[in-house]
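Residue strings, one per chain:
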Amino acid sequence: MAKALMPRGLRKVNKVFTNRIQGVYAPYVPPLAVVVHKGRRSGREYRTPVTAFRSGRTLVIGLPYGADTDWVRNLLAEGRGGVERLGRVRRIARPRVLAADEAQELPAVGRAAARYMDVLVADIED
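Computed from a predicted structure; not experimentally measured.

Criteria and cut-off values
- Just so you know, the residues in each chain are numbered from 1, in the order the chain's sequence is written.
- A pLDDT threshold of at least 70 governs which residues receive local features in this predicted model, and a stricter bar of 80 or more applies before side-chain atom pairs are shown or counted, although totals over entire chains, interfaces and linings include all residues.
- Side-chain metrics rest on all non-hydrogen atoms present in the structure, leaving aside hydrogens and water.
- Secondary structure elements are defined from DSSP: runs of H or I of at least 4 residues count as helices, runs of E of at least 2 residues count as strands, and each element is numbered from the N terminus.
- Buried means the residue's accessible area, taken with a 1.4 Å probe over protein chains only, is under 20% of the maximum for its type, while exposed means over 50%, and partly exposed covers the values in between.
- The contact rule is simple, with two residues in contact once any of their heavy atoms fall within 4.5 Å.
- N or O atoms within 3.5 Å of each other form a polar contact, as long as, within protein, one can give a hydrogen and the other can take it, and as long as residues adjacent in sequence are counted only when both atoms are side-chain atoms.
- Here, a salt bridge means any Lys or Arg side-chain nitrogen found within 4 Å of an Asp or Glu carboxyl oxygen.

J.: When you look at the environment of Arg 111 in this model, what are you seeing that I'm missing?
T.: Summarising the element assignment, Arg 111 is placed in helix α3 (residues 108-114). For Arg 111, a relative accessible area of 39% gives the class partly exposed. It is 19 Å that separates the C-alpha atoms of Arg 111 and Ala 33, two residues lying 78 residues apart in sequence. Among all residues touching Arg 111, those that are not within four sequence positions of it are Ala 103, Gln 104 and Leu 106. Within polar-contact distance, the side chain of Arg 111 engages the backbone oxygen of Leu 106 at 2.5 Å.

J.: Just checking my understanding: could you explain unusual backbone geometry for this structure?
T.: Residues other than glycine predominantly adopt negative phi, and peptide bonds predominantly adopt the trans conformation. Cis geometry is found at the peptide bond from Pro 30 to Pro 31, where omega equals 5°. Position of Pro 31 among the secondary structure elements: in the loop between α1 (8-25) and β1 (32-38). The residue Leu 86 is not glycine, and still its phi comes out positive at about 55°. Note that Leu 86 resides in the loop between β4 (80-85) and β5 (88-98). A positive phi angle, close to 55°, is found at Arg 94, a residue other than glycine.

J.: Would you explain the pattern of salt bridges in this entry?
T.: Where charged atoms of side chains with opposite charge meet at close range, the side chains can pair. Throughout the structure, instances matching the rule amount to seven salt bridges. Between Asp 70 and Lys 15 there is a salt bridge, and its shortest N-O distance comes to 2.7 Å. Residue Asp 70 is located in helix α2 (residues 70-78), and its partner Lys 15 is located in helix α1; the two are separated by 55 residues in the primary sequence. The salt bridge involving Arg 80 is made with Glu 78; its shortest N-O contact spans 3.3 Å. Several salt bridges converge on common partners, so that one network encompasses Lys 15, Arg 40 and Asp 70.

Structure (C-alpha coordinates):
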(Lines give C-alpha, C1' and ligand atoms only; values in the text may rest on other atoms or scores of the structure.)
Protein backbone atom coordinates (compact mmCIF):
# COMPACT_ATOMS: atom_id res chain seq x y z
CA MET A 1 0.00 0.00 0.00
CA ALA A 2 1.02 3.59 -0.56
CA LYS A 3 2.59 5.83 2.05
CA ALA A 4 0.28 8.32 3.77
CA LEU A 5 0.47 11.84 2.31
CA MET A 6 -0.43 13.64 5.53
CA PRO A 7 1.55 13.53 8.79
CA ARG A 8 0.12 11.46 11.62
CA GLY A 9 -0.13 14.52 13.92
CA LEU A 10 -2.42 16.31 11.48
CA ARG A 11 -4.68 13.26 11.42
CA LYS A 12 -5.18 13.56 15.18
CA VAL A 13 -5.91 17.30 15.01
CA ASN A 14 -8.46 16.79 12.24
CA LYS A 15 -10.15 13.95 14.12
CA VAL A 16 -10.63 16.10 17.23
CA PHE A 17 -11.37 19.52 15.71
CA THR A 18 -11.81 19.80 11.95
CA ASN A 19 -14.05 16.76 11.47
CA ARG A 20 -16.62 18.17 13.89
CA ILE A 21 -16.90 21.37 11.88
CA GLN A 22 -16.81 19.70 8.45
CA GLY A 23 -19.36 17.14 9.57
CA VAL A 24 -22.00 19.88 9.61
CA TYR A 25 -21.73 20.85 5.94
CA ALA A 26 -19.94 17.88 4.30
CA PRO A 27 -23.16 15.95 3.50
CA TYR A 28 -24.32 18.83 1.29
CA VAL A 29 -21.21 20.29 -0.39
CA PRO A 30 -19.57 18.22 -3.13
CA PRO A 31 -17.08 16.68 -3.36
CA LEU A 32 -17.38 16.25 0.41
CA ALA A 33 -19.43 13.49 1.99
CA VAL A 34 -19.82 11.79 5.37
CA VAL A 35 -19.07 8.09 5.82
CA VAL A 36 -21.23 6.42 8.47
CA HIS A 37 -19.61 3.37 10.08
CA LYS A 38 -19.73 1.24 13.25
CA GLY A 39 -16.83 0.97 15.65
CA ARG A 40 -15.06 -2.38 15.52
CA ARG A 41 -15.05 -2.80 19.28
CA SER A 42 -17.71 -0.43 20.57
CA GLY A 43 -20.39 -1.00 17.94
CA ARG A 44 -21.04 2.75 18.22
CA GLU A 45 -22.00 4.69 15.09
CA TYR A 46 -19.41 7.19 13.83
CA ARG A 47 -19.57 9.84 11.12
CA THR A 48 -16.40 10.84 9.28
CA PRO A 49 -16.20 13.64 6.68
CA VAL A 50 -14.30 12.67 3.52
CA THR A 51 -13.74 13.77 -0.06
CA ALA A 52 -15.71 11.33 -2.22
CA PHE A 53 -16.48 10.90 -5.89
CA ARG A 54 -19.22 8.81 -7.42
CA SER A 55 -19.12 7.07 -10.76
CA GLY A 56 -22.27 5.11 -11.47
CA ARG A 57 -22.71 2.73 -8.57
CA THR A 58 -19.12 3.12 -7.32
CA LEU A 59 -17.94 5.44 -4.57
CA VAL A 60 -14.25 6.43 -4.58
CA ILE A 61 -12.60 8.04 -1.54
CA GLY A 62 -8.96 9.13 -1.44
CA LEU A 63 -7.01 8.10 1.66
CA PRO A 64 -4.44 10.86 2.28
CA TYR A 65 -3.94 9.62 5.87
CA GLY A 66 -3.47 6.02 4.72
CA ALA A 67 -5.56 2.88 4.98
CA ASP A 68 -4.86 2.35 8.69
CA THR A 69 -7.23 5.06 9.94
CA ASP A 70 -9.99 4.00 12.32
CA TRP A 71 -12.85 4.76 9.93
CA VAL A 72 -11.30 2.71 7.11
CA ARG A 73 -10.56 -0.21 9.43
CA ASN A 74 -14.12 -0.01 10.84
CA LEU A 75 -15.68 -0.01 7.38
CA LEU A 76 -13.54 -2.90 6.15
CA ALA A 77 -14.29 -4.95 9.29
CA GLU A 78 -18.06 -4.43 8.98
CA GLY A 79 -18.09 -4.87 5.20
CA ARG A 80 -20.75 -2.21 4.83
CA GLY A 81 -21.74 1.23 6.00
CA GLY A 82 -23.37 4.37 4.71
CA VAL A 83 -22.56 7.59 2.94
CA GLU A 84 -24.30 10.96 3.11
CA ARG A 85 -23.66 12.92 -0.04
CA LEU A 86 -25.57 15.76 -1.70
CA GLY A 87 -28.15 15.58 1.10
CA ARG A 88 -28.97 11.90 0.45
CA VAL A 89 -28.15 8.85 2.52
CA ARG A 90 -27.07 5.67 0.72
CA ARG A 91 -25.82 2.30 1.88
CA ILE A 92 -22.41 1.19 0.73
CA ALA A 93 -21.12 -2.38 0.55
CA ARG A 94 -17.97 -4.28 -0.41
CA PRO A 95 -15.50 -1.62 0.72
CA ARG A 96 -11.95 -2.31 -0.40
CA VAL A 97 -8.66 -0.44 -0.50
CA LEU A 98 -6.89 -0.21 -3.84
CA ALA A 99 -3.36 0.89 -4.62
CA ALA A 100 -2.36 2.52 -7.92
CA ASP A 101 -1.58 -0.78 -9.64
CA GLU A 102 -5.09 -2.08 -8.81
CA ALA A 103 -6.99 1.06 -9.85
CA GLN A 104 -7.24 0.51 -13.63
CA GLU A 105 -10.97 -0.25 -13.41
CA LEU A 106 -11.73 3.06 -11.66
CA PRO A 107 -13.02 6.20 -13.36
CA ALA A 108 -10.42 8.85 -14.27
CA VAL A 109 -10.70 10.72 -10.95
CA GLY A 110 -10.08 7.48 -9.02
CA ARG A 111 -7.07 6.55 -11.14
CA ALA A 112 -5.66 10.06 -10.69
CA ALA A 113 -6.05 9.91 -6.90
CA ALA A 114 -4.55 6.42 -6.76
CA ARG A 115 -1.31 7.71 -8.29
CA TYR A 116 -0.66 9.61 -5.04
CA MET A 117 -2.47 7.63 -2.36
CA ASP A 118 -4.49 4.50 -1.73
CA VAL A 119 -8.20 4.81 -2.43
CA LEU A 120 -11.20 3.21 -0.78
CA VAL A 121 -13.77 1.92 -3.23
CA ALA A 122 -17.28 0.75 -2.29
CA ASP A 123 -20.45 -0.25 -4.10
CA ILE A 124 -23.40 2.11 -3.65
CA GLU A 125 -26.68 0.34 -2.94
CA ASP A 126 -30.16 1.82 -3.28
